[in-house]
Amino acid sequence: MKNLNVILTMATIFSTLFGFKSQNQNSIYPPDKFSVVEAKLSNGKPVVGSINMAYRNYPNKAKYPWCLTINIGLDLKKVTEKGLPLKSESDIANKFEDELINSIRKVATAHYIGHLYNDTFLDVYIYLDNPEKVNEYLQSEVNKKGLIRGFAFRIERDPNWTIVKALLK
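Residues numbered from 1 in each chain as written. Predicted model: local features only at pLDDT ≥ 70, side-chain atom pairs only at ≥ 80, totals over all residues. Heavy atoms only, no water.

J.: Would you mind going over the overall build of the protein chain in detail, with residue names and values included?
T.: Counting its secondary structure elements, the protein chain contains three helices and six strands. Reading the protein chain from its N terminus to its C terminus gives the helix and strand order α-β-β-β-α-β-β-α-β. Residues classed as buried in the protein chain amount to 45% of the 169 residues present. Pairs at least 24 residues apart make up 67% of the contacts formed inside the protein chain by residues separated by at least 6 positions. As displayed, the protein chain has an accessible area near 9400 Å², and 53% of this comes from carbon and sulfur atoms. (Helix = DSSP H or I, 4+ residues; strand = E, 2+ residues; numbered from the N terminus. Buried < 20%, exposed > 50% of the residue type's maximum accessible area, 1.4 Å probe, protein only. Contact = heavy atoms within 4.5 Å. Areas by Shrake-Rupley, 256 points an atom, 1.4 Å probe, with all protein chains shown as cover.)

So this is what it looks like as structure tokens:
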């Protein structure tokens, strides 16, 4: 029982730190299977995040050929010397990420692959069926005054999901 409590506590900590997203459990979404990812950038700085491994062998990739990458800038006063966020900053970034994803899901089908914290950024990966509506929405948001964090985004055609292939190994 003690081991189970430790595991549950660790799962709670990871879900808090990394903002695990629950998907709608209808037939177009696989059941969530998140894994914590740790790596290093070429400059030696760490990368930490969570990836939904349920998309590794997802059979409907071709129906969602557009990769949306969102890069959220972290508050430089609230990151470690290695570029990872302090808990207060990850809470803010995760909440902002959730708000963006929830709004995106109102205009398109969005498959949340996961996110990575690295070198003072939170990078988010999502696959879409309708890039035009998402682009229109994000264009209206990206330069708004009073954003909790600045962000940039890119939508690329990626029918084979090669952008996230290395993350799903």
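What follows picks up the thread again.
J.: Give me the lowdown on helix α2 (residues 87-107), citing residues and values where you can.
T.: If you check α2, its first and last C-alpha atoms are 31 Å apart, about what 21 residues at 1.5 Å a residue would give, namely 30 Å. By the burial criterion, the buried members of α2 are Glu89, Ser90, Ala93, Asn94, Phe96, Glu97, Leu100, Ile101 and Ile104. Taken end-on, α2 shows its buried residues confined to a sector of 165°, consistent with a single buried face. Of the exposed residues in α2, those oriented more than 90 degrees away from the buried face are Lys95 and Lys106. (Expected span 1.5 Å × (residues − 1). Arc of directions from axis to C-beta.)

J.: Tell me about the environment of glycine 150, residues and numbers included.
T.: Tracing the chain through its elements places glycine 150 in the loop between α3 (131-142) and β6 (151-157). Assessed through its relative accessible area of 44%, glycine 150 is described here as partly exposed. Separated by 77 residues in the primary sequence, glycine 150 and glycine 73 place their C-alpha atoms 5.6 Å from one another.

J.: Outline the sheet that holds strand β3 (residues 66-73), supporting the account with residue identities and numerical values.
T.: One open sheet holds the six strands; their spatial order is β1-β2-β4-β5-β3-β6, and the pairing between them is antiparallel. Edge positions in the open sheet fall to β1 (34-40) and β6, since each of these has one partner strand only. Direction aside, neighbouring strands of the sheet carry axes that sit 20° apart on average. As defined by bridge partners, β1 adjoins strand β2 (residues 46-52) across seven bridges and the pair is classed as antiparallel. Within the sheet, the bridge partner assigned to serine 35 lies in β2 and is isoleucine 51. Those strands touched by α2 are β3, β4 (110-118), β5 (121-128) and β6, and its axis lies near 160° from that of β4. (Pairing = 2+ DSSP bridges. Axes fitted to C-alpha atoms, helices over the stretch in contact; angles between N-to-C directions.)

J.: Could you give an account of the pairing of β5, with specific residues and numbers?
T.: β5 sits mainly inside the fold: seven of its eight residues count as buried. Pairing analysis gives eight bridges linking β4 to β5, with the strands arranged antiparallel. Note that in β5 the partner of asparagine 118 across the bridge is phenylalanine 121. Adjacent in sequence and paired antiparallel, β4 and β5 are bridged by two residues, among which aspartate 119 carries a positive phi angle near 45°.

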